[in-house]
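Each chain, written out:
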Amino acid sequence: MSKTAASAAKSPSKAAPNVVSQEILGSSGRPGANDRINHAVIGLGGMGQGHLGYVLNDPQAKLVAVCDVMQSRVKAAVEKAGGGCRGYRDFREMIDREDIDVVHVVTPPHWHALQNIYALDAGCDVWAEKPMTRTIAEGLHVAEAVRRNGRVFRLNTWFRLYGAFYGLGTEVKPLKKLVQNGLLGWPLTVRISAHTGFAWKASMWTGKLGLAPEPTPADLDYDLWLGPAPFKPYTSHRVSPSFRGYWDYDGGGLADMGQHYLDPVQYILDKDDTSPVEIEATAPWPQHPDVVGLWGQVEMKYADGCKLILESCEWGPEETKDKPFIEGPLGKVYRNFRTEPERLAELVVELPDPEPQVSDFNVSIRTRQKFGLNELNGNRSNILVHLANCAIRTGRKLHFDPETMRFRNDEMANRLAEQPMRLPWGLL
Amino acid sequence: MDDTFVVIAEGNTHMTNETMKDQTAGGGRGQGRGRGQGGGRRRRSGAAGAGVQRDGAMTVAAKLVWADAKAGAAAASQLLTGATGAVRELVANLHASNDEATVQASFALEAMVMASSAPGQGNRRACLASALAKSLGEAADDVARNVLIRALQLIGGDDEVPALAKCLELEGAFDTALLALRQIGTEKAYLAIKNSLARAGGRRRALLAAALGDFDDPCCHPDIPGLVAGALAKADPADAPMLWAALARLGHAGVAPALAKALKGTAKSRAAVARGCLSLLARNCRSEDDAAIAIAELFKAEPDSVSSLMALQDNMEEDEDSVPYLLGLMTSDSKVMRETVAGILMQGYVGSSVTEKVISFYLQEGDGGQTQAGMELRQTIIRLLGQRGDQVARPFLLSLLHDREAAIRKSALAAIECLLGPLDRRVLAATILEQ
């Protein structure tokens with residue numbers, strides 16, 4: 001990794017949040033055809049369908065291109081777009097077009113870094129699926145590509161910005177207010193488990209052991225599907241959507257849901273520019289080298305003593321039952337915003353709001369202001385996911401340096417965190 | 001010998017006296033005999049040797065499928081105690097069919113790999129890696145061999161390079177062996193790839209040359225850029241991007257003209273790679289002269305692009321002499337460029353004299369806000385002045401609260417808040433209303 005990549009990824013955005021009015025955007029009403037932003041979507045599986053919906057339902061957006069290595073999906077997406085949209089098998093051919101403003105990267109995570117960087121270097125803004133990348137090192141390359149091209153990048157999770165925070169029964173904002181005003185004290189412990197409202201989908205996204213190789217379907221370009229991943233014989237379970245259960249492509253339920261759940265917590269704790277220093281997992285061990293398995297608990301500790309406790313509630317003892325979501329020396333918050341002491345729930349109304357964040361990607365694109373969840377803070381929550389999975393796989397307590405973004409005194413963990421890609425693919 | 005397990009200790013040259021003693025404790029030949037339990041469809045067992053273990057490796061492996069961590073750790077320790085024989089037995093059970101025995105052997109190998117790689121386990125790691133390397137020739141098929149190579153990618157070192165280098169000659173193991181050698185990343189790994197490159201032709205030559213881009217210390221390997229450049233000259237055009245990337249990583253300025261040509265070409269995806277490579281090259285060049293060549297090629301191809309500016313910026317001292325140039329770029333038609341420059345001036349170029357230059361620029365440019373572009377420029381500068389955090393801008397920003405344009409007053413208010421911290425909005429609002 002270059003020094004610039006590291007420094008770019010470490011620098012928190014100094015840009016003040018900027019909420020921009022429609023007048024400043026130069027469009028007071030519904031945009032005309034020429035004002036519309038041209039979108040292209042790579043990856044048309046389950047999440048890809050969601051992204052097609054984002055684009056097709058946005059009056060400011062126009063879907064001009066779709067891409068997938070499975071031709072039947074391309075055909076269906078072109079039909080769904082209803083004209084003016086062309087399909088591609090190879091994302092590079094799609095990027096050759098001159099008219100794309102925004103590329104959605106909705107492929108499996110082993111492709112995320114590469115396709116993000118291709119799009120950014122081609123002068124496009126990027127709307128990326130989570131996890132941001134498949135390894136820690138890849139995230140730094142993406143951040144550097146955003147920087148060197150002056151592009152806008154958003155990660156597709158939004159709970160730090162708006163919306164009920166999954167099963168917690170509250171939005172993130174009141175929690176942020178309590179924490180930033182010191183009403184819970186410091187350091188804080190946050191529990192993210194089914195008991196506090198967060199289903200980790202650990203079982204759902206495990207892989208299958210002992211699958212025999214199958215013939216590759218004629219419809220699928222399997223080599224292009226694998227791309228930078230090492231070759232493994234084809235089985236249908238390896239590809240969408242169950243690719244999440246195989247380490248070469250993703251990292252199970254933890255990687256699927258991790259940034260949804262952990263990014264807002266990172267924001268609440270004001271940890272957007274740092275990472276934990278100790279990580280320890282309780283899980284079946286050894287894990288399989290190819291197939292993602294279950295896990296029980298992961299504890300991550302920051303240098304200042306703040307702790308994240310992730311519990312799958314699908315393996316091993318459950319220690320988060322009846323415990324608060326967030327707990328400090330002065331107060332606790334449970335699901336549905338039940339607080340101890342009770343008056344915290346009333347006090348929060350009077351507390352000043354957090355700094356505003358840009359929560360509309362169209363605003364980011366038009367004004368060039370950083371999106372609220374971008375390549376820098378997004379990479380920090382991306383790292384949380386990978387720290388947890390590295391601890392599960394190695395089966396030992398890991399020590400991480402938030403500055404260098406490397407493990408301390410653990411060559412193996414660092415080899416998991418930074419892996420070469422199968423040529424001809426590689427990161428810039 | 002079917003269903004009989006015996007582990008040999010020979011070849012465990014890295015084992016300590018203590019582990020050797022553990023391995024042989026209480027064990028004469030025959031004590032390790034026992035029925036395999038849950039070993040699945042075992043194909044063959046390990047050979048006899050000096051040391052003997054109570055359980056067969058596959059018997060242990062059968063207990064490792066999603067095992068409890070404590071049991072897993074104990075089993076890993078047991079397997080590592082007789083690593084050579086254990087590996088031999090496990091490898092005999094790896095097969096592309098991915099049957100039950102393969103699954104169990106895979107778990108066992110992973111346990112050994114992870115446990116031996118823990119800090120302070122250097123001897124065990126070396127012993128296991130040696131055993132894995134020796135077993136590469138015994139793998140039943142490419143899939144099995146690649147499982148072993150992948151393990152060596154994680155724990156391998158110089159001693160395993162020769163065995164991995166041999167795998168570069170095998171069609172079905174080439175990709176994974178190359179990955180492993182790149183991850184090992186030592187001088188010896190480099191030499192193995194280089195030697196293979198000397199014999200390779202066609203696409204394989206391009207792939208091997210591209211891999212050399214990972215060995216980016218020109219002091220140790222001064223011949224690498226030449227090798228990669230040579231491969232690029234003969235490569236299929238489709239393979240050029242990976243070789244460009246390798247040369248960019250190596251900081252080889254000689255590739256800059258080819259990149260600039262690709263940047264001006266019609267294929268936007270290739271231009272994207274070329275742009276990224278030129279940016280990387282400008283950062284990785286070992287001398288200022290080489291960096292200047294890369295940046296000059298970028299500017300020649302794309303004089304007005306953000307990537308050109310950023311490459312220049314990465315190689316430029318943040319001195320005041322550059323400020324007028326940067327401010328000039330703020331009149332660009334491209335909003336991306338304007339905002340990038342604002343970002344540069346916000347994050348770097350500290351000092352009140354820079355702030356004063358920005359204020360002067362505001363007063364000279366922006367055509368008094370008569371056009372939308374002028375108005376946008378003024379607003380961008382106002383925001384920049386707030387975000388720079390230099391109190392020298394304060395009187396100027398306060399004066400803008402009297403501007404005739406509401407949008408300017410609004411921007412000034414936001415900048416003052418940014419500069420001074422949260423103010424009483426009502427007081428400021430009243431000031432504005434008085435205008």
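Residues numbered from 1 in each chain as written. Chains lettered and ligands numbered in written order. Predicted model: local features only at pLDDT ≥ 70, side-chain atom pairs only at ≥ 80, totals over all residues.

**Some thoughts on the overall build of chain A**
When you go through chain A residue by residue, the secondary structure sums to 14 helices and 15 strands. Compactness check: chain A gives a C-alpha radius of gyration of 21 Å against a globular reference of 22 Å for 428 residues, within 12% of the reference. With respect to the three principal axes, the spread of C-alpha positions in chain A is 60 × 60 × 40 Å. Within chain A, the proportion of its 428 residues that are buried is 57%. (Helix = DSSP H or I, 4+ residues; strand = E, 2+ residues; numbered from the N terminus. Rg over C-alpha atoms; globule rule 2.2 N^0.38 Å. Buried ≥ 20, exposed ≤ 12 C-beta atoms within 10 Å, placed from the backbone.)

**Quick word on the overall build of chain B**
Looking only at helices and strands, chain B features 24 helices and zero strands. When each of the 435 residues of chain B is scored for burial, the buried share is 52%. Counting contacts in chain B only where the partners sit at least 6 residues apart, residues at least 24 apart contribute 65% of the total. (Contact = placed C-beta atoms within 7 Å.)

**Structural notes on the domain arrangement of chain A**
Residues and elements named next belong to chain A. By the assigned domains, chain A splits into domain 1 (3–156) and domain 2 (166–205 + 249–360 + 378–417). Elements with a minimum of two residues in the side of domain 1 that touches domain 2: α1 (3–10), α6 (109–121) and α7 (136–149). For the side of domain 1 that touches domain 2, a count of residues per class yields 14 nonpolar, five polar and three charged. (Domains from an automatic or database assignment. Nonpolar A, V, L, I, M, F, W, Y, C, P; charged D, E, K, R; others polar.)

**Considerations on the interface of chain B and chain A**
It is common to report an interface's size as the accessible area lost on association of the parts. At the interface, 66 residues of chain B touch 52 residues of chain A. Residue contributions to the side of chain B that touches chain A peak at 11 residues, all from helix α15 (residues 268–284) of chain B. For the side of chain B that touches chain A, the per-class residue count stands at 34 nonpolar, 17 polar and 15 charged.

**Let's talk about the sheet that holds strand β13 (residues 339–340) of chain A**
All names here are of chain A. Ordered in space as β13-β12-β11-β7-β10-β9-β8-β14-β15, the nine strands form an open sheet in which the pairing is mixed. Of all the strands in the sheet, the pair left with one neighbour each is β13 and β15 (406–407). Strand direction decides the pairing type here: strand β14 (residues 398–401) and β15, joined by two bridges, are antiparallel. Its bridge partner being in β15, D401 is matched across the sheet by R406. In this fold helix α13 (residues 375–394) packs onto β8 (278–282), β9 (297–301), β10 (307–311) and β14, with an angle of close to 55° to the strand it touches most, β8. (Pairing = 2+ DSSP bridges. Axes fitted to C-alpha atoms, helices over the stretch in contact; angles between N-to-C directions.)

**A short note on the sheet that holds strand β1 (residues 37–42) of chain A**
Residue and element names in this part refer to chain A. In spatial order, the strands read β3-β2-β1-β4-β5-β6; together these six strands make up an open sheet with parallel pairing. Each having just a single partner strand, β3 (86–88) and β6 (153–155) make up the two edges of the open sheet. On average, adjacent strands in this sheet sit at an angle of 20° to one another, irrespective of strand direction. Each of β1, β2 (61–67) and β4 (102–105) is contacted by helix α3 (residues 46–56), which is oriented at about 170° to β1, the strand it contacts most.

**Quick word on the environment of D158(B)**
Residues and elements named next belong to chain B. Mapped onto the elements of the fold, D158 is located in the loop between α7 (142–155) and α8 (161–167). Here D158 falls in the partly exposed class, since 13 other C-beta atoms lie within 10 Å of it. Sequence spacing of D158 and S77 is 81 residues, and the spatial spacing of their C-alpha atoms is 24 Å. Among residues more than four places away in sequence, those in contact with D158 are T186 and K188.

**Some details on the nonpolar core**
Grouped together as the largest cluster of nonpolar side chains are 256 residues, with contacts concentrated most on A388(A), A108(B) and L243(B). If one sorts the elements of this core by residue count, helix α5 (residues 100–116) of chain B sits on top with 11 residues. Split by domain, this core shows at least three residues from each of two domains, domain 1 (3–156) and domain 2 (166–205 + 249–360 + 378–417) of chain A. Each residue touching L243(B), except ones within four places of it in the same chain, is listed here: A206(B), A209(B), A210(B), V228(B), A231(B), L232(B) and A235(B). In terms of nonpolar packing, the next biggest core, distinct from the first, is built from 13 residues, W205(A), L226(A), V239(A) and Y249(A) among them. (Core = buried A, V, L, I, M, F, W, Y, C linked by C-beta atoms within 7 Å.)

**Some thoughts on unusual backbone geometry**
Residues and elements named next belong to chain A. A cis amide bond links K130 with the next residue in sequence, P131, at an omega value of -5°. Along the polypeptide, P131 turns up in the loop between β5 (125–128) and α7. Residue L423 is joined to P424 through a cis peptide bond whose omega torsion reads 15°. By the secondary structure assignment, P424 is in the segment after α14 (411–417). The backbone of N409 sits at a positive phi, close to 55°, despite the residue not being glycine. Look at N409 and you get exposed, because 10 C-beta atoms sit within 10 Å.

**Details of the environment of N181(A)**
With respect to the secondary-structure elements, N181(A) resides in the loop between α8 (173–180) and β7 (189–193). It is 9.4 Å that separates the C-alpha atoms of N181(A) and V348(A), two residues lying 167 residues apart in sequence.

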